[in-house]
Amino acid sequence: DVKVTQSSRYLVKRTGEKVFLECVQDMDHENMFWYRQDPGLGLRLIYFSYDVKMKEKGDIPEGYSVSREKKERFSLILESASTNQTSMYLCASSLQVRDSPLHFGNGTRLTVT
Amino acid sequence: GQSLEQPSEVTAVEGAIVQINCTYQTSGFYGLSWYQQHDGGAPTFLSYNALDGLEETGRFSSFLSRSDSYGYLLLQELQMKDSASYFCAVNLSGGYNKLIFGAGTRLAVHP
């Protein structure tokens, strides 16, 4: 069974802090993704990575950056957290095949105060 | 731009059949996926259609019409455990398995 693990389930940070969200997958998947989920807006793609050190912007990359130094780990970085980044963050991984299902972690609920 | 439209809420009774529609307008299309998410849980993959027609997986079926930019998820013999949110997602063409999700449909199943 594919396991995607997000390091924190809940996180509370202050405005202006630098925030790191970590995600690890154990199935040797090439692709990894970061989505944020907000009520009424569904899942919106922030960034994705198709290989180590490779990344592509999603639909809402502003205010975020990512790092993928190892194949199994994909980090989302909020350089200077703001209250509008309060959300549920979901990490996912998949094979690099266009119809390969995404496997999601349980999410990190981030609150920025 | 990219947009997917699906109803925000659907209510049904146990044992019934429910259909959740999804219309999409995207730049590039490779296939349509459906995901289920229970409250507090992770989204999980349900089905995928790349070609027109119906795909059946147990009590769940998914349909796609590429010419109409339309698909639906059909849930039969509803059970209480089917109460969840259901998301349609477009697999965009261009490689890398990039998915764009709809806002989700919250299904409530009542006894």
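Structure shown above.
Given the structure is predicted, the values throughout are model-derived calculations rather than measurements. (Residues numbered from 1 in each chain as written. Chains lettered and ligands numbered in written order. Predicted model: local features only at pLDDT ≥ 70, side-chain atom pairs only at ≥ 80, totals over all residues. Heavy atoms only, no water.)

## Let's talk about the overall build of chain A
So, step 1. From N to C terminus, chain A includes 0 helices and 11 strands.
So, step 2. Ordering the α and β elements of chain A from the N terminus gives β-β-β-β-β-β-β-β-β-β-β.
So, step 3. In terms of overall size, chain A behaves like a compact globule, its C-alpha atoms giving a radius of gyration of 13 Å where 113 residues would be expected to give roughly 13 Å.
So, step 4. With the principal axes as the frame, chain A shows a C-alpha extent of 40 × 30 × 25 Å.
So, step 5. Per-residue burial over chain A gives 48% buried out of 113 residues.
So, step 6. The long-range share in chain A, meaning contacts at least 24 apart out of those at least 6 apart in sequence, stands at 56%. (Helix = DSSP H or I, 4+ residues; strand = E, 2+ residues; numbered from the N terminus. Rg over C-alpha atoms; globule rule 2.2 N^0.38 Å. Buried < 20%, exposed > 50% of the residue type's maximum accessible area, 1.4 Å probe, protein only. Contact = heavy atoms within 4.5 Å.)

## Observations regarding the sheet that holds strand E8 (residues 70-75) of chain B
Residues and elements named next belong to chain B.
So, step 1. Pairing within the open sheet is antiparallel, and its 5 strands lie in the order E1-E3-E8-E7-E6. Looking at which strands have only one partner, the edges of the open sheet turn out to be strand E1 (3-5) and strand E6 (53-57). Direction aside, the axes of adjacent strands within the sheet are offset by 15° on average.
So, step 2. Looking at chain direction, E6 and strand E7 (residues 60-65) are connected through 5 bridges and run antiparallel. (Pairing = 2+ DSSP bridges. Axes fitted to C-alpha atoms, helices over the stretch in contact; angles between N-to-C directions.)

## Quick notes on the state of the cysteines
Residue and element names in this part refer to chain A.
So, step 1. For the structure shown, the criterion picks out 2 disulfides over all chains.
So, step 2. Cys 23 shares a disulfide with Cys 91; S-S distance 1.9 Å. Its torsion about the S-S bond being -75°, the disulfide of Cys 23 and Cys 91 is classed as left-handed. One end of the pair, Cys 23, is in strand E3 (residues 19-25); the other, Cys 91, is in strand E9 (residues 87-94), with 68 residues separating them in the sequence. Each member of the pair, Cys 23 as well as Cys 91, is classed as buried. (Disulfide = S-S within 2.5 Å.)

## A closer look at the interface of chain B and chain A
So, step 1. Contact with chain B, which involves 22 residues of that partner, is made by 27 residues of chain A.
So, step 2. The tally of links from chain B across to chain A stands at 0 salt bridges.
So, step 3. Counting across the chain B and chain A interface gives 6 residue pairs in polar contact (both at pLDDT 80 or more).
So, step 4. Elements supplying a minimum of two residues to the side of chain B that touches chain A: strand E4 (31-37), strand E5 (44-49), strand E9 (84-91) and strand E10 (99-101) of chain B.
So, step 5. By residue number, the principal contributor to the side of chain B that touches chain A is E10 of chain B, which donates 3 residues. (Salt bridge = Lys/Arg side-chain N within 4 Å of Asp/Glu carboxyl O. Polar contact = N/O pair within 3.5 Å; in protein donor to acceptor, adjacent residues only side chain to side chain.)

## Overview of the sheet that holds E3 of chain A
Residues and elements named next belong to chain A.
So, step 1. Within the open sheet, the 4 strands sit side by side as E1-E3-E8-E7. Their pairing is antiparallel. Since the sheet does not close on itself, it has two edges, and those belong to strand E1 (4-6) and strand E7 (64-70), each with one partner. Across the sheet, the mean angle from the axis of one strand to that of its neighbour is 20°, orientation sign disregarded.
So, step 2. In this structure, E3 lies alongside strand E8 (residues 73-78), joined through 6 bridges in antiparallel fashion. Its bridge partner lying in E8, Val 24 is registered against Arg 73.

## Observations concerning the pattern of salt bridges
Residue and element names in this part refer to chain A.
So, step 1. Taken as a whole and assessed by the stated rule, the structure comprises 7 salt bridges over all chains.
So, step 2. A salt bridge links Arg 36 to Asp 38; its shortest N-O distance comes to 2.9 Å.
So, step 3. On the basis of relative accessible area, Asp 38 is assigned to the buried category, the value being 12%.
So, step 4. Note that Asp 38 and Arg 44 form a salt bridge whose closest N and O atoms lie 2.9 Å from each other.
So, step 5. Overlapping salt bridges bring together Arg 36, Asp 38 and Arg 44 as one network.

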